[in-house]
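Structural description and commentary
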Amino acid sequence: MRGIGKVVAMMAPWQDPGYLKRVWCIFEMYVAKSDAQCDIDIVMPPREEESLLASMKKGRDERGSWGIDNLFQVLANTKVENASASVWTDKVRTHTF
């Protein structure tokens, strides 16, 4: 990442992004965010972007939640301990950070 200076994270579908379900991807985002010389671009297909923006613009619903609360809930649901890894040692090592 330091050699390239950029991480491109595909967040689709935005309500349940696969990127946030993989240990390596979550770690990659953490390292990129921790490095001032690395930029993070979050991208998604146009339909997903439109859906996200529409959700964020919604007012309060009958439960008192705002539209942007949906995005906050997606991010809050990101749990490294529940993320998958194709290499078992990758998952074990993430618990040491």
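On a predicted model such as this, the values are computed, not experimentally measured, just so you know.

Scanning the protein from N- to C-terminus turns up 4 helices and 2 strands. Walking the protein from its N terminus toward its C terminus, one meets helices and strands in the order β-α-β-α-α-α. Within the protein, counting contacts between residues at least 6 apart in sequence, those at least 24 apart form 59% of the total.

So, on to a nonpolar patch on the surface. A contiguous nonpolar surface patch, about 240 Å² in accessible area, is contributed by Val 8, Met 10 and Val 43. With respect to the helices and strands, Val 43 occurs in strand E2 (residues 39–43). Classification of Val 43 as partly exposed rests on a relative accessible area of 30%.

Core analysis: the biggest nonpolar cluster contains 13 residues, and Val 7, Ala 9, Met 11, Trp 14, Tyr 19, Met 29 and Met 44 have the highest contact counts within it. Residues contacting Met 44, with those up to four places away along its chain left out, are Met 10, Met 11, Trp 14, Glu 49 and Leu 52.

Analysis parameters
Residues numbered from 1 in each chain as written. Predicted model: local features only at pLDDT ≥ 70, side-chain atom pairs only at ≥ 80, totals over all residues. Heavy atoms only, no water. Helix = DSSP H or I, 4+ residues; strand = E, 2+ residues; numbered from the N terminus. Contact = heavy atoms within 4.5 Å. Patch = residues over 30% accessible without salt bridge, like charges linked within 9 Å, V, L, I, M, F, W, Y side chains within 5 Å. Areas by Shrake-Rupley, 256 points an atom, 1.4 Å probe, with all protein chains shown as cover. Salt bridge = Lys/Arg side-chain N within 4 Å of Asp/Glu carboxyl O. Buried < 20%, exposed > 50% of the residue type's maximum accessible area, 1.4 Å probe, protein only. Core = buried A, V, L, I, M, F, W, Y, C linked by side-chain atoms within 4.5 Å.

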